[in-house]
Amino acid sequence: MATTDINASGLRQDERMERLKLFGLASPALLLVLVILVIPVGWLFYVSFVGADGSFSLENYERMIERKSYARIFQTTFEVSILTTGLCILIGYPLAYFMSQLPQRLANLCLLAVLLPFWTSLLVRTYAWLVLLQKQGLVNNWAISLGLWDEPLKMVHNLNGTLIGMVHIMLPFLILPTYGAMKAIDRDYLKAASNLGASPRRAFWTVFFPLSTPGLFAGSLMVFVLCLGFFVTPAILGGGRVILVSMKIVSNIELFVNWGAASALGVVLLAMTIVVLWVASRFLNLDQMTGGGH
Amino acid sequence: MSDTNKDALPITVRNVTKTYGDVYALDDVSLDVKSGEFLTLLGPSGSGKTTLLMVLAGFTRPDRGSLKFGDEEMIRKPPHLRDVGMVFQNYALFPHMTVEGNVGYPLRLRGVSKQDVATRVERALDTVQLGGYGGRRITELSGGQKQRVALARSIVFEPRILLMDEPLSALDKKLRDRMQIELRHLHEQLGMTTVYVTHDQREALTMSDRVAVVNHGRIMQLAGPQELYDRPENKFVADFIGDSNFLSVTREGGTLTAGGVKLRTSRNVPEGDSLALMLRPERIHLLEDAADDETNVFDAKVTEVVYQGESFLLYAKLSDGSEVAVRGAIRADTFAGLPRAGAPVRLGLAAADTVIIADREG
């Protein structure tokens, strides 16, 4: 067939042009990522392998292994992240479920209430907790005057304060994907379960919960990963008693002006985050984190 | 499974009313479904047919009324205790379970032993001709296969009542036609009392023992398919089932006139002065010779002839301006011999096919 090639090269060229244009649209963002992410991270990586005398050295990493305090910091970071994630699930899942069952108009209102803190400065929210939770703060004063407890409780500058603040900041990251997954569950599934003989409780655990877990996992992963590198809130509400990796990085730079040590910590934290994401991605579809398809 | 017939239950619906604001979704509906019967609720969308089915399943709580399965009052019973099978319009198969997981689900809820679940699931899948599909994921199934799995899941626990909510509406026409016959056979085999909802009148006529035509939350007529088609009780039923044209009928003493023609009919004529003549296109024929005494003859002029493959549809205008359609079979070359637009024709309607109904909607 002599005519099979008719217009073929022209059509191929059109296809190429289209792809090129699409790439052109993405290039500003790609450039930005290169400048503010790839280059600095690369530089950090490089600095972490430079010793005090300016030559290539593993001393920054060796220090992390030798000193017990570093292991404790990593342990605290993981513990706080796990606790925060767990508390977010305990508070966020029932709330997301409640919202998913509301009529759309009310649900939107609730969604707004969940999102509202997002639009408020992180610093403002964190200091607000300080005002509320400190020794002479609103919560203690009210509770004592109501007779709930006699002595002011220590709710800030310790693990309690850190967790309260972090859970508050992180909740929307858990609620949104969970709510999204729940809204996508066809109500007929629950009707079918009920019709087939499942009590409301059975229907929830055998049908609704399993179908909502992709959203719950995605939200939990998001919260956990964000917690690993969280600085502002735990720094202020922890009062120096709960030391996370991010704080150690800051003190290495501000107190000891040791960029190499700080960079090495940053690299390890990044590596751990990547490992967590990689392990998680083997069990669930990461599209869910952005509310993407099933 | 073939002798579950004796276990089928009759359904008794009494004075069930359901309102949404000012709108009556169900308006004092009473209905008897006989034990083992295949009854179809047929009506346009928004007629209340689905609401009635949801009341039977327990998903819609009516304002008042009574519902009995056998002798047992069910109206306040929650859905999971009603023990009725149901096939949903979109199948509602659980996407996180396999075919086996779905079909076995009602059995596991009932505490059936693992081994019995396996055998009964396999038997149910065999019944719907999906033997060996147990391990498949729901997403791997075609529309027709999903339909069958949904059916298997609804019959596997041997409910005595089966409800179906437009189960074939998502299938293409060929598959739908085949499934209609299969469902019919399945019903004969299992014998459970079946209530089927559809808006497709042909489907209703094909499958049902009896059809309840529903409109505005009321049952307009409850009858077997033939009677429904042949002797509609009111204009809504006559219009909804099959194609029809209507001519208004005037009554003077004992004489009935429509389209300028004095009507002969061998049918019963309802009381009252407001009457209409129902003209089914396939019951009218084109007259070539003189008509006999038993035929009403209308003079008309052809306005359009449409070729539809197995049949033609000829539109004609009577002398008083009303339009009438005539349908006839096409055999070799007969289409070419039909009169063209503008040609005068004589339309014959046998006295036995001259159906006069009350000219009211309800």
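None of these values were measured; they are calculated from a predicted model. (Residues numbered from 1 in each chain as written. Chains lettered and ligands numbered in written order. Predicted model: local features only at pLDDT ≥ 70, side-chain atom pairs only at ≥ 80, totals over all residues. Heavy atoms only, no water.)

## With respect to the domain arrangement of chain A
All names here are of chain A.
And step 1. Segmentation of chain A into domains returns domain 1 (1-47) and domain 2 (67-291).
And step 2. The C-alpha-based centres of domain 1 and domain 2 are spaced at 37 Å.
And step 3. Domain 1 puts 5 residues into the contact, and the matching count from domain 2 is 5 residues.
And step 4. Around 390 Å² of area is buried between domain 1 and domain 2 when both sides are counted, 84% of it from carbon and sulfur atoms.
And step 5. Looking only at domain 1, the three residues that lose the most surface to domain 2 are Leu44, Phe45 and Val47, adding up to 75% of its buried area.
And step 6. At the boundary of domain 1 and domain 2, one finds 0 salt bridges.
And step 7. Counting every contact that joins domain 1 to domain 2 gives 0 residue pairs in polar contact (both at pLDDT 80 or more).
And step 8. Considered class by class, the residues forming the side of domain 1 that touches domain 2 number 5 nonpolar, no polar and no charged. (Domains from an automatic or database assignment. Contact = heavy atoms within 4.5 Å. Buried area = accessible area lost by both parts, 1.4 Å probe. Salt bridge = Lys/Arg side-chain N within 4 Å of Asp/Glu carboxyl O. Polar contact = N/O pair within 3.5 Å; in protein donor to acceptor, adjacent residues only side chain to side chain. Nonpolar A, V, L, I, M, F, W, Y, C, P; charged D, E, K, R; others polar.)

## What about the packing of helix 11 (residues 245-254) of chain A against helix 12 (residues 259-281) of chain A?
All names here are of chain A.
And step 1. Contact geometry of helix 11 with helix 12 gives a least axis separation of 8 Å together with a crossing angle of 160°. With respect to each other, helix 11 and helix 12 are oriented roughly antiparallel. The handedness of the crossing between helix 11 and helix 12 comes out as left-handed. Contact residues: Val245, Lys248, Ile249, Asn252 and Ile253 in helix 11; Trp259, Ala261, Ala262, Leu265, Gly266 and Leu269 in helix 12.
And step 2. In terms of residue class, the contact of helix 11 with helix 12 is made up of 8 nonpolar, 2 polar and 1 charged. (Axes fitted to C-alpha atoms, helices over the stretch in contact; angles between N-to-C directions. Helix = DSSP H or I, 4+ residues; strand = E, 2+ residues; numbered from the N terminus. Parallel < 35°, antiparallel > 145°, perpendicular 65-115°, else oblique. Left-handed = near helix turned anticlockwise from the far one by under 90°.)

## Focus: a nonpolar patch on the surface
All names here are of chain A.
And step 1. A contiguous nonpolar patch, built from Leu31, Leu32, Val33, Leu34, Val35, Ile36, Leu37, Val38, Ile39, Val41, Leu270 and Ile274 and spanning about 1100 Å² of accessible area, is present on the exposed surface.
And step 2. Listing elements by their share of the nonpolar patch, those giving two or more residues are helix 1 (8-48) and helix 12.
And step 3. Here the nonpolar patch takes 10 residues from helix 1, the largest share from any one element.
And step 4. Its location among the elements puts Leu32 in helix 1. (Patch = residues over 30% accessible without salt bridge, like charges linked within 9 Å, V, L, I, M, F, W, Y side chains within 5 Å. Areas by Shrake-Rupley, 256 points an atom, 1.4 Å probe, with all protein chains shown as cover.)

## Brief notes about the confidence of the model for chain A
And step 1. Per-chain confidence: chain A averages 89 in pLDDT, with 95% of residues scoring 70 or above.
And step 2. By mean pLDDT, the top-scoring element of chain A is helix 8 (residues 187-195) of chain A (95), and the lowest-scoring one is helix 2 (residues 59-66) of chain A (87). (pLDDT = per-residue confidence, 0-100.)

## Remarks on the pattern of salt bridges
Residue and element names in this part refer to chain B.
And step 1. The full count for this structure, using the stated rule, is 19 salt bridges over all chains.
And step 2. Residue Asp353 is joined to Arg283 by a salt bridge in which the shortest nitrogen-to-oxygen separation is 3.5 Å. Separated by 70 residues along the polypeptide, Asp353 in the loop between strand 19 (344-350) and strand 20 (355-358) and Arg283 in the loop between strand 14 (275-279) and strand 15 (284-286) bring together distant segments of the chain.
And step 3. A relative accessible area of 23% places Asp353 in the partly exposed class.
And step 4. The exposure class assigned to Arg283 is partly exposed, which follows from its relative accessible area of 25%.
And step 5. One network of salt bridges, with partners in common, ties together Asp230, Arg267, Glu282, Arg283 and Asp353. (Buried < 20%, exposed > 50% of the residue type's maximum accessible area, 1.4 Å probe, protein only.)

## Thoughts on the interface of chain B and chain A
And step 1. In this complex, chain B contributes 21 residues to the contact, which on the side of chain A involves 19 residues.
And step 2. Buried area between chain B and chain A, summed over both chains or domains, comes out near 1700 Å², and the portion from carbon and sulfur atoms is 64%.
And step 3. Seen at the junction of chain B and chain A, the total is 6 residue pairs in polar contact (both at pLDDT 80 or more).
And step 4. Those elements that provide at least two residues to the side of chain B that touches chain A are strand 6 (85-87) and helix 2 (99-109) of chain B.
And step 5. When residues in the side of chain B that touches chain A are grouped by element, the largest group, 4 residues, is from helix 2 of chain B.
And step 6. In the side of chain B that touches chain A, the residues fall into 14 nonpolar, 4 polar and 3 charged.

## Re the nonpolar core
And step 1. In this structure, B:Ile11, B:Val13, B:Leu41, B:Phe94, B:Val103, B:Tyr105 and B:Leu163 are the most contacted members of the largest nonpolar core, which totals 105 residues.
And step 2. Among the elements that line this core, the one with the most residues is helix 7 (residues 159-183) of chain A, at 10 residues.
And step 3. Contacts of B:Ile11, omitting those with residues within four sequence positions, involve B:Leu31, B:Asp32, B:Val33, B:Leu56, B:Leu67, B:Lys68, B:Phe69, B:Ile161, B:Thr193 and B:Val195.
And step 4. Counting residues in each nonpolar core, the second largest holds 26 residues, with B:Phe312, B:Ile330, B:Leu347 and B:Ile356 among its members. (Core = buried A, V, L, I, M, F, W, Y, C linked by side-chain atoms within 4.5 Å.)

## A word on the environment of B:Val214
All names here are of chain B.
And step 1. Mapped onto the elements of the fold, Val214 is located in strand 9 (residues 210-215).
And step 2. Here Val214 falls in the buried class, since its relative accessible area comes to 4%.
And step 3. A sequence separation of 169 residues divides Val214 from Ser45, and the C-alpha atoms of the two residues are 9.9 Å apart.
And step 4. Apart from residues no more than four positions distant in its own chain, Val214 is found in contact with Leu41, Leu42, Gly43, Pro44, Ser47, Gly48, Lys49, Ile219, Met220 and Phe236.

## With respect to the sheet that holds strand 14 of chain B
All names here are of chain B.
And step 1. Pairing in this open sheet of 5 strands is antiparallel, and the strands run 13-12-11-14-20 from one edge to the other. Either end of the sheet is taken by a strand with one partner, and the two such strands are strand 13 (261-262) and strand 20.
And step 2. Sheet topology note: the strand 11 (residues 245-252)/strand 14 ladder contains 5 bridges and is antiparallel. Directly across from Leu247, in strand 14, lies its bridge partner Leu277. (Pairing = 2+ DSSP bridges.)

## Observations regarding the state of the cysteines
What makes a disulfide is a covalent bond joining the sulfur atoms belonging to two cysteines.
Residues and elements named next belong to chain A.
And step 1. For the structure on display, the rule yields 0 disulfides over all chains.
And step 2. Not engaged in a disulfide, the cysteine Cys110 finds its nearest cysteine sulfur in Cys88; these two sulfurs lie 18 Å apart.
And step 3. Summary of cysteine pairing: Cys227 is not part of a disulfide, and the nearest cysteine sulfur, belonging to Cys88, is at 6.6 Å. (Disulfide = S-S within 2.5 Å.)

## Here we look at the environment of B:Gly242
Residue and element names in this part refer to chain B.
And step 1. As for its placement among the helices and strands, Gly242 is situated in the loop between helix 8 (235-240) and strand 11.
And step 2. Separated by 40 residues in sequence, Gly242 and Arg202 place their C-alpha atoms 7.9 Å apart.
And step 3. The residues contacting Gly242, other than those within four sequence positions of it, are Gln201, Tyr229 and Arg280.

## Let's talk about empty space enclosed by the protein
Residue and element names in this part refer to chain B.
And step 1. Under the counting rule described, the total for this entry stands at 2 cavities of 30 Å³ or more.
And step 2. Going through the elements one at a time, strand 7 (161-165) and helix 5 (173-190) are the ones with two or more residues in the lining of the largest cavity.
And step 3. Among the elements that make up the lining of the largest cavity, the one with the highest residue count is helix 5 (4 residues).
And step 4. Counted by class, the lining of the largest cavity contains 6 nonpolar, 2 polar and no charged residues.
And step 5. Considered as a void within the structure, the second largest cavity measures approximately 40 Å³ in volume.
And step 6. Residue lining of the second largest cavity: Leu247, Leu279, Ile284, Phe298, Leu318, Val324 and Leu347, and that is the complete set.
And step 7. The residue inventory of the lining of the second largest cavity, partitioned by class, reads 7 nonpolar, no polar and no charged. (1 Å grid on protein atoms, 1.4 Å probe; cavity = no way out; pocket = protein on both sides within 12 Å on 5 of 7 lines; lining within 4 Å. Points joined across faces, edges and corners; volume = space filled by probe spheres on them.)

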